[in-house]
Amino acid sequence: MRYRTFAEPDYEALAALDLAAQRHTDPAFDSLPDREREGRLCTSLPALKFYERSEHSFVAQDDSGTLQGVILAQHVWQGDRPIVLVRAVILSPDAPEGTAVGLLHAAVKSAYDSAVYEVHFPLTPALETAAQSEEARVTGRYAVCHLGTRATTAPGEPLAESSRAGMEGRA
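Starting from 1, residues in each chain are numbered consecutively following that chain's sequence as written. Where local features are concerned, this predicted model is filtered to residues with pLDDT of at least 70; where side-chain atom pairs are given and counted, the filter is 80 or more; whole-chain, interface and lining totals use all residues. The side-chain quantities take in all heavy atoms of the structure and omit both hydrogens and water.

1. Topic: the pattern of salt bridges
Each salt bridge in this description consists of a side-chain nitrogen of Lys or Arg and a carboxyl oxygen of Asp or Glu lying within 4 Å of one another. One pass over the structure, following the stated rule, counts 8 salt bridges. A salt bridge links Asp26 to Arg40; the nearest nitrogen and oxygen atoms lie 2.9 Å apart. Highlighted residues: Asp26 in the loop between helix 1 (11-25) and helix 2 (34-40) and Arg40 in helix 2, separated in sequence by 14 residues. Taken individually, Asp26 and Arg40 each receive the classification buried, so the pair is uniform in this respect. Where Lys109 meets Asp113, a salt bridge forms, and the shortest distance between an N and an O atom there is 2.7 Å. Placement of both Lys109 and Asp113 in helix 4 (residues 99-113) is noted, with a separation of 4 residues, approximately one turn of the helix. Three exposure classes are used, based on accessible area relative to the maximum for each residue type with a 1.4 Å probe and protein chains only: buried under 20%, partly exposed in between, and exposed over 50%. Take Asp113: its relative accessible area is 52%, and that puts it in the exposed class. Here the residues in one salt-bridge network are Asp26, Glu36 and Arg40, joined through shared partners. Each helix is a run of H or I in the DSSP string that is no shorter than four residues. Each strand is a run of E no shorter than two, and both are numbered from the N terminus.

Interpretation note: all reported values are geometric properties and have no functional meaning in isolation.
Now the structure itself:
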């Protein structure tokens, strides 16, 4: 597997990869409201142009030239120090094992090379092994507040339900 930055010739393949990953994760994806489908996709033209310039976003390309995954990350100034913030890791449904590990490692290395010493990312099942290989520390989970109509259709487990279940298990 080859890990590299991406450019405009990759945009169409990245959009197709994102769509395939969404359909794999949620077989009912195509029946969701338009706003929800748009909200779940990370590969709009403006987003890809932005992440292409971020210097921390990479694709995983197999020997045949097929894109098997992408990590979309950017540097963010925190007021006192910069961090690299990962928006998404998108994997092909048939991506080889270790693809997420390689993508996260590429982002971590690019952060280090630019004197940024913190990489923040949502701890998803796809990134758990990658996080272990980078010796990440869990400081919590990553949550998103979706405002407006997306609040009812957005992916993820509502925190109120997971917190309640966790509390019941402790009683």
